[in-house]
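Topology and contacts: notes
The chain contents come next:
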Amino acid sequence: MGKGNIVVSTSCSLLHTAVDLASETKLDKEIKSWLAFAAQKVQEVNALAKALSAHSLRKFSLRAASLKGSDHHRATNVSVRLVAQQKKLGLPVLPTTTIGSFPQTMDLRRVRREFKAKKISEDDYVKSIKEEINKVVKLQEPEKNDIVEYFGEQLSGFAFIVNGWVQYYGSRCVKQPNIYGDVSRPKAMIVLLFMATNQSPRPQVYLCLARLIIFCKIDKTTTSD
């Protein structure tokens, strides 16, 4: 096959990866040694590319030559899959969904900074959040601390970065939690939010984005994910 016909790259775009681990000065040193941000991943990819030997290229060529024509095609064509999908889901012609939150106000950001800097108590912090929810509950619940970071902070087993902002969508960025150990839930996570139920006579729907967008699952046996 030849070296010129093989490209070594990351499994996905580094757009959603924090830029440089060197910027994280507050991470535990041991946890930091398990991580790799974009700059480090580029170095690792480069090292892998240089490590490709003639032996590994021969093994790859043999595997590629063993592929059959059927290996390149799905078992069913798209029309059959669409019929099965429609039968199960019953989607409209243009299925859409809408989700969103009010942007954080300057006051919310200030309160959050003061809480993280231990300038105000947790009680004062929670009180401010409740007051903000009361203001806008008739329209929509306000955005809490970034939803990804918010849920991560409710769980044990996560490390949090300070400068590693990652593009989420559009111009929106998040600081994604990093799993470093066993994850557990030491206390209730969203009970506080249900206080909004008493603020309006109208029915309310609570959408709990329980998923966590994790930057990197750290495996102690390797140097990166």
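Our subject in this report is the structure included herewith. Keep in mind it's a predicted model, so treat the numbers as computed, not measured. (Residues numbered from 1 in each chain as written. Predicted model: local features only at pLDDT ≥ 70, side-chain atom pairs only at ≥ 80, totals over all residues. Heavy atoms only, no water.)

**Here we look at the overall build of the chain**
Summing up its helical and strand segments, the chain has seven helices and five strands in all. Of the regular secondary structure in the chain, the N- to C-terminal order runs α-α-α-α-α-α-α-β-β-β-β-β. Across the 225 residues in the chain, those meeting the buried criterion constitute 26%. Surface summary for the chain: the accessible area is close to 16,200 Å², and the carbon and sulfur share equals 57%. (Helix = DSSP H or I, 4+ residues; strand = E, 2+ residues; numbered from the N terminus. Buried < 20%, exposed > 50% of the residue type's maximum accessible area, 1.4 Å probe, protein only. Areas by Shrake-Rupley, 256 points an atom, 1.4 Å probe, with all protein chains shown as cover.)

**Side note on the pattern of salt bridges**
On inspection of all chains with the given rule, the structure shows four salt bridges. Measuring nitrogen to oxygen at the nearest pair gives 3.9 Å for the salt bridge that ties K68 to D71. The exposed category is assigned to K68, whose relative accessible area is 51%. Given a relative accessible area of 42%, D71 falls into the partly exposed group. The salt bridge involving K187 is made with E122; its shortest N-O contact spans 3.8 Å. Residue K187 is located in the loop between β4 (178-184) and β5 (216-217), and its partner E122 is located in helix α6 (residues 122-136); the two are separated by 65 residues in the primary sequence. Of the residues examined, K187 reaches a relative accessible area of 45% and is grouped as partly exposed. Overall, E122 belongs to the partly exposed group, its relative accessible area being 44%. (Salt bridge = Lys/Arg side-chain N within 4 Å of Asp/Glu carboxyl O.)

**Focus on the environment of D28**
Here D28 is to be found in the segment before α1 (29-34). Looking at D28, the relative accessible area reads 43%, which means it is partly exposed.

**A look at helix α2 (residues 38-51)**
The end-to-end C-alpha distance of α2 is 20 Å, a good match for the 20 Å that 14 residues give at a rise of 1.5 Å each. Turning to α2, its buried residues number three or more, namely A38, Q40, K41 and V45. Taken end-on, α2 shows its buried residues confined to a sector of 155°, consistent with a single buried face. Summarising the geometry of α2, the exposed residues directed more than 90 degrees from the buried face are Q43, K50 and A51. (Expected span 1.5 Å × (residues − 1). Arc of directions from axis to C-beta.)

**So, the nonpolar core**
A general trend in soluble globular proteins is that nonpolar side chains are found buried together. Core analysis: the biggest nonpolar cluster contains 10 residues, these being A18, L21, L27, I31, W34, L35, F37, A159, I161 and V166. The next biggest cluster of nonpolar side chains, apart from the first, holds six residues, and it includes F151, F158, I179 and M189. (Core = buried A, V, L, I, M, F, W, Y, C linked by side-chain atoms within 4.5 Å.)

**Overview of the side chain of Q40**
With respect to the helices and strands, Q40 occurs in helix α2. What makes Q40 buried here is its relative accessible area of 17%. Separated by 3.1 Å, the side chain of Q40 and the backbone nitrogen of F37 make a polar contact. Sequence-distant contacts of Q40, defined by excluding residues within four places in its chain, comprise D20, L21 and A22. (Polar contact = N/O pair within 3.5 Å; in protein donor to acceptor, adjacent residues only side chain to side chain. Contact = heavy atoms within 4.5 Å.)

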